[in-house]
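The primary structure of each chain is shown beneath.
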Amino acid sequence: MIRKLDGANMDIDLVTPKDKIDWDQEKCPWNEAEGISEHHCAIKNISICQYFCGVEYLDTVLCCYPNENPLKGTE
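Residues numbered from 1 in each chain as written. Predicted model: local features only at pLDDT ≥ 70, side-chain atom pairs only at ≥ 80, totals over all residues. Heavy atoms only, no water.

Draft legend 1. Structural context of the pattern of salt bridges. For the structure on display, the rule yields one salt bridge. Across the pair Glu56 and Lys4 runs a salt bridge whose closest N-O atoms are separated by 3.2 Å. Taken together, the residues Glu56 in strand S5 (residues 52–56) and Lys4 in strand S1 (residues 3–5) connect sequence positions 52 residues apart. (Salt bridge = Lys/Arg side-chain N within 4 Å of Asp/Glu carboxyl O. Helix = DSSP H or I, 4+ residues; strand = E, 2+ residues; numbered from the N terminus.)

This is the structure we're talking about:
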């Protein structure tokens, strides 16, 4: 099952502090399950989360947590 998370949980050239963001940003389900705030869907030039399945217009992240990524290994 792929979930749609509004507001994109990504650090890609976003220089605004999270407490200054004017739009709703759903929490990462992996972070919520572990009670932390370390996981991000994608971080520019560093990593992409193993549960990240893409982005839809307007900044909706497709996430498969806690299930295996059905898109892993496809191009």
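Draft legend 2. Layout of the sheet that holds S5. The sheet built from three strands is open, its strands ordered S1-S6-S5 with antiparallel pairing. Only two strands of the sheet have a single neighbouring strand rather than two, namely S1 and S5. Within the sheet, the average angular offset between the axes of one strand and its neighbour, ignoring direction, is 25 degrees. Where S5 meets strand S6 (residues 60–63), four bridges bridge the pair, whose relative direction is antiparallel. Looking at the pairing, Gly54 lines up with Leu62 of S6. (Pairing = 2+ DSSP bridges. Axes fitted to C-alpha atoms, helices over the stretch in contact; angles between N-to-C directions.)

Draft legend 3. View of the packing of aromatic side chains. On inspection of all chains with the given rule, the structure shows three aromatic pairs. Pairing Trp30 with Tyr51 gives two aromatic rings, centres 5.0 Å apart and planes at 90 degrees, and the pair type is edge-to-face. Of this pair, Trp30 sits in helix H1 (residues 29–34) while Tyr51 sits in the loop between strand S4 (47–48) and S5, placing them 21 residues apart in sequence. Centroid distance Tyr51 to Tyr65: 5.0 Å. Interplanar angle 85 degrees. Geometry classified as edge-to-face. With Tyr51 in the loop between S4 and S5 and Tyr65 in the segment after S6, this pair connects stretches of sequence that are 14 residues apart. (Phe/Tyr/Trp six-rings, centres within 6.5 Å; stacked < 30°, edge-to-face > 60°.)

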